Amino acid sequence: MAKKSWFKLKRFNRFALMRLGILFALLVMVGMGGWGVMMKMPGQSYTGKLPPLTPTEIDLREALKQDVKVLAEEIGRRNYLYYQGLTAAANFLESQMVQAGYRVQRQSYPIEQQTYDNLEVEIPGRDRADEIVVIGGHYDSVHLSPAANDNGSGAAATLELAKRFVGKHPSRTLRFVQFVNEEPPFFWTDQMGSLVYAKRCKQRQENIVAMLSLETMGYYSDEVGSQKYPIPLGLIYPLQGNFISFIGNVASGNLVRQTIASFRQHTQFPSEGAALPNALPGVGWSDHWAFWQQGYAAVMVTDTAPFRYPHYHTEADTPDKLDYDRLARVVYGLERVIADLAD
Ligand SMILES: [Zn+2]
């Protein structure tokens, strides 16, 4: 009994110290004018009533809903333990992109007895082909979760955005990539699909000028208190989980500001952005992290996942939890951000 409470005390102290440490580090950065660099974003988050969906947004909503249904309901679990599901998801995404008119490249790599595939399509740039913009999301699921939001939403968005750019002739090269193995046990390891991909880019000396990581984007709530944050960001950001966020590390600050400025200019939808130290919980929790490791600028576009979504990483992450109207607004907004990045 005594031993137990002693452990509890020690654990409490360690967490308290860690939090104090993070708070202190943030205060120092704020003191040094870091606020301007990390959190001050161009433009204003949209606050009015959302306008009626446009015909394009209605089309997108239906397509996204259908994609998420296939991934999270018809296929369901899709990862190294549910390998058949993983293969079915890759085949579905590939066939959709082929149908849209793309030639799909598979980047395959083995882990033990199984092969894993990143799927890539490319639109070569018109006059700045060596400058590459990568849009990507992961299509694997965590544990036993059907993974409708994490990351059926991001995989569907990547797919539908790729379709929207068929026949376009951007100045820079555009790539849409479906990444495998983002979830544990591969997360932040050499076997993570996006890290395998980003390493190959580096080896080939490719000039990735921007990477957008589409991660868990489908859950929204207008309730005050529906949005949580790692300490102490709750003091600064909204408490309603009704916005889309653009998150980068400090080195990707320019890209964060560029993307959110473009989004806010084109899209009547609440948005928040920050370029934060990777040490803060959540900041590096997806495929953009892999590009940071290779020295590229990358930004995650997310509903903030565990900081908002009650069904994060559970078996209850099913297609009915997503808000397809708002997801469609965000995806159409991203289409115009990508068009700006590519020209
Ligand atoms: Zn996840």
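As a convention, each chain's residues are numbered from 1 in the sequence order in which they are written. Totals for whole chains, interfaces and linings use every residue, but because this is a predicted model, local features are given only for residues with pLDDT of at least 70 and side-chain atom pairs only at 80 or more, for both listing and counting.

A. Inspection of the confidence of the model for the chain at higher detail. Across the chain, the average pLDDT comes to 92, with 90% of residues at 70 or higher. Per residue, pLDDT captures the predictor's confidence, and it can take any value from 0 to 100. Any two residues are considered in contact once their C-beta atoms, placed from the backbone, lie within 7 Å. This model gives residues 1-12 a pLDDT under 50, and the stretch forms 0 contacts once residues within four places in sequence are excluded.

B. Seen up close, the nonpolar core. Core analysis: the largest hydrophobic core is formed by 89 residues, its most contacted members being Leu64, Val133, Leu161, Val299, Val301 and Val331. Tallying contributions element by element places helix H9 (residues 324-342) first for this core, with 11 residues. Excluding anything up to four places from it in sequence, Val133 contacts Arg172, Leu174, Val209, Ala210, Ile338, Leu341 and Ala342. In this description, a nonpolar core means buried residues of the types Ala, Val, Leu, Ile, Met, Phe, Trp, Tyr and Cys, linked to one another by C-beta atoms lying within 7 Å. We call a residue exposed when 12 or fewer other C-beta atoms sit within 10 Å of its C-beta, buried when the count reaches 20 or more, and partly exposed for counts in between; the C-beta positions come from the backbone. Working definition: helices are DSSP H or I runs of at least four residues, strands are E runs of at least two. Numbering for both runs from the N terminus.

C. Here's a closer look at the environment of Val209. Note that Val209 resides in strand S5 (residues 207-214). The exposure class of Val209 is partly exposed, given the 18 C-beta atoms found within 10 Å. Beyond its immediate stretch of four places on either side in the chain, Val209 contacts Glu131, Ile132, Val133 and Arg172.

D. Quick look at the environment of Ala342. Tracing the backbone through its elements, the reader meets Ala342 in helix H9. Once residues within four sequence positions are removed from consideration, Ala342 is found in contact with Val133, Pro170, Ser171, Arg172 and Leu174.

E. Expanded view of unusual backbone geometry. In this chain, Asp150 is followed by Asn151 through a cis amide linkage whose omega measures 10 degrees. Its location among the elements puts Asn151 in helix H5 (residues 148-164). For the bond from Pro184 to Pro185, the omega torsion is 10 degrees, close enough to zero to count as cis. With phi around 50 degrees, Glu112 is a residue other than glycine that occupies positive phi space. Looking at the secondary structure, you find Glu112 in the loop between strand S1 (105-111) and strand S2 (114-123).

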